Amino acid sequence: MSSAVLYLAIVAVWAMVLVPMWLRRDTEATGLTRLLHKRTDEPLVEDDEEEPEEIPAPRPRGRSTRAAVIARRRRRTTGLTALLLTTTAVAATGLAPWWITAPPAVLMAGHLALLRVAVGMDEARRQAAAQARARARARAREAVLATETAEVIELPTPEEVFDQYAPDRRAVGE
């Protein structure tokens, strides 16, 4: 009976971790992206004078890198929680020995420790970005204050303004 539980645990881990990774890699790199966004390399209307315009590759509709990391952390936490609850339920019903809860518990503890470190790193990154913004604002303020006001110079105005169309002015040769 214990080998059946082991096989079920392996299949559960495979289904929760490996299948989504495989599907995500497949959609991003090759298979489904090519099927969903078919491009023809030949122009639809054959015209020898015009060159076909370059069609840009479709951008993946993915989220930002930070959002992807957070989503991955959530999925991993959910999967480890489900695995820990499942092994606890199996051990509580007497189908398997109590020590089968140890590996998921160790994995969950390690994952939570990594999340704690990641939160600290994110906070440090946020503080560094805030300090950089504050320094940039201070530099901009100093630049505004450091610029001297322009000196206004009064130019003398001539008494008589030159008018080329005045009646007393004639072009050479008239």
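Please refer to the structure higher up on the page.
Parameters and conventions
Residues numbered from 1 in each chain as written. Predicted model: local features only at pLDDT ≥ 70, side-chain atom pairs only at ≥ 80, totals over all residues. Heavy atoms only, no water. Helix = DSSP H or I, 4+ residues; strand = E, 2+ residues; numbered from the N terminus. Buried < 20%, exposed > 50% of the residue type's maximum accessible area, 1.4 Å probe, protein only. Contact = heavy atoms within 4.5 Å. Areas by Shrake-Rupley, 256 points an atom, 1.4 Å probe, with all protein chains shown as cover. Salt bridge = Lys/Arg side-chain N within 4 Å of Asp/Glu carboxyl O. Axes fitted to C-alpha atoms, helices over the stretch in contact; angles between N-to-C directions. Parallel < 35°, antiparallel > 145°, perpendicular 65-115°, else oblique. Left-handed = near helix turned anticlockwise from the far one by under 90°. Nonpolar A, V, L, I, M, F, W, Y, C, P; charged D, E, K, R; others polar. Patch = residues over 30% accessible without salt bridge, like charges linked within 9 Å, V, L, I, M, F, W, Y side chains within 5 Å. Expected span 1.5 Å × (residues − 1).

Draft legend 1. Broad picture of the overall build of the protein chain. Along its length, the protein chain carries four helices and zero strands. Burial status across the protein chain gives 9% buried among its 174 residues. Residue pairs at least 24 apart in sequence account for 45% of intrachain contacts in the protein chain once pairs closer than 6 positions are excluded. Summing over all exposed atoms, the protein chain offers an accessible surface of approximately 15,900 Å²; the carbon and sulfur share of this is 61%.

Draft legend 2. Region of the structure containing the pattern of salt bridges. Scanning the model with the defined rule gives four salt bridges in all. Across the pair Asp 122 and Arg 66 runs a salt bridge, and its minimum N-O distance is 3.4 Å. With a gap of 56 residues between them, Asp 122 in helix α4 (residues 102-146) and Arg 66 in helix α3 (residues 65-93) connect regions that are remote in the sequence. Accessibility expressed as a relative area gives 10% for Asp 122, which makes it buried. Across the salt bridge formed by Arg 73 and Asp 122, the nearest N and O atoms sit 3.4 Å from each other. Of this pair, Arg 73 sits in helix α3 while Asp 122 sits in helix α4; the two residues are 49 residues apart in sequence, bridging distant segments of the chain. We classify Arg 73 as partly exposed; its relative accessible area is 22%. Taken together, the salt bridges that share partners define one network made up of Arg 66, Arg 73, Asp 122 and Arg 125.

Draft legend 3. Structural detail: the packing of α3 against α4. Running from amino to carboxyl end, α3 crosses α4 at an angle of 160 degrees, the nearest separation of the two axes being 10 Å. As far as their axial angle goes, α4 and α3 are roughly antiparallel. Helix-helix and strand crossings are classified by hand; for α3 and α4 the assignment is left-handed. The residues of α4 that touch α3, namely those facing Arg 66, Arg 73, Arg 76, Thr 77, Leu 80, Thr 81, Leu 83, Leu 84 and Thr 87, are Pro 104, Ala 105, Leu 107, Met 108, His 111, Leu 115, Ala 118, Asp 122 and Arg 126. The class makeup of the residues in the contact of α3 with α4 is nine nonpolar, four polar and five charged.

Draft legend 4. Here's a closer look at the environment of Val 5. Here Val 5 shows up in helix α1 (residues 2-29). It is 7.4 Å that separates the C-alpha atoms of Val 5 and Ala 96, two residues lying 91 residues apart in sequence.

Draft legend 5. A nonpolar patch on the surface, seen in detail. The grouping of Val 13, Trp 14, Met 16, Val 17, Leu 18 and Met 21 at the surface amounts to a nonpolar patch, some 530 Å² of accessible area in total. As for its placement among the helices and strands, Met 21 is situated in helix α1. Under the relative-accessibility criterion, Met 21 is labelled partly exposed at 45%.

Draft legend 6. Quick peek at the side chain of His 111. Residue position: His 111 is located in helix α4. Overall, His 111 belongs to the buried group, its relative accessible area being 6%. If we skip the residues at most four places from it in the chain, His 111 touches Arg 73, Arg 76, Thr 77 and Leu 80.

Draft legend 7. Summary view of α3. Between its first and last C-alpha atoms α3 spans 42 Å; for 29 residues at 1.5 Å apiece the expected length is 42 Å, and the two agree. Among the residues of α3, those classed as buried are Ala 71, Gly 79, Leu 80, Leu 83, Thr 87 and Val 90. Note on α3: the residue one or two positions beyond its end, Gly 94, has a positive phi of about 85 degrees.

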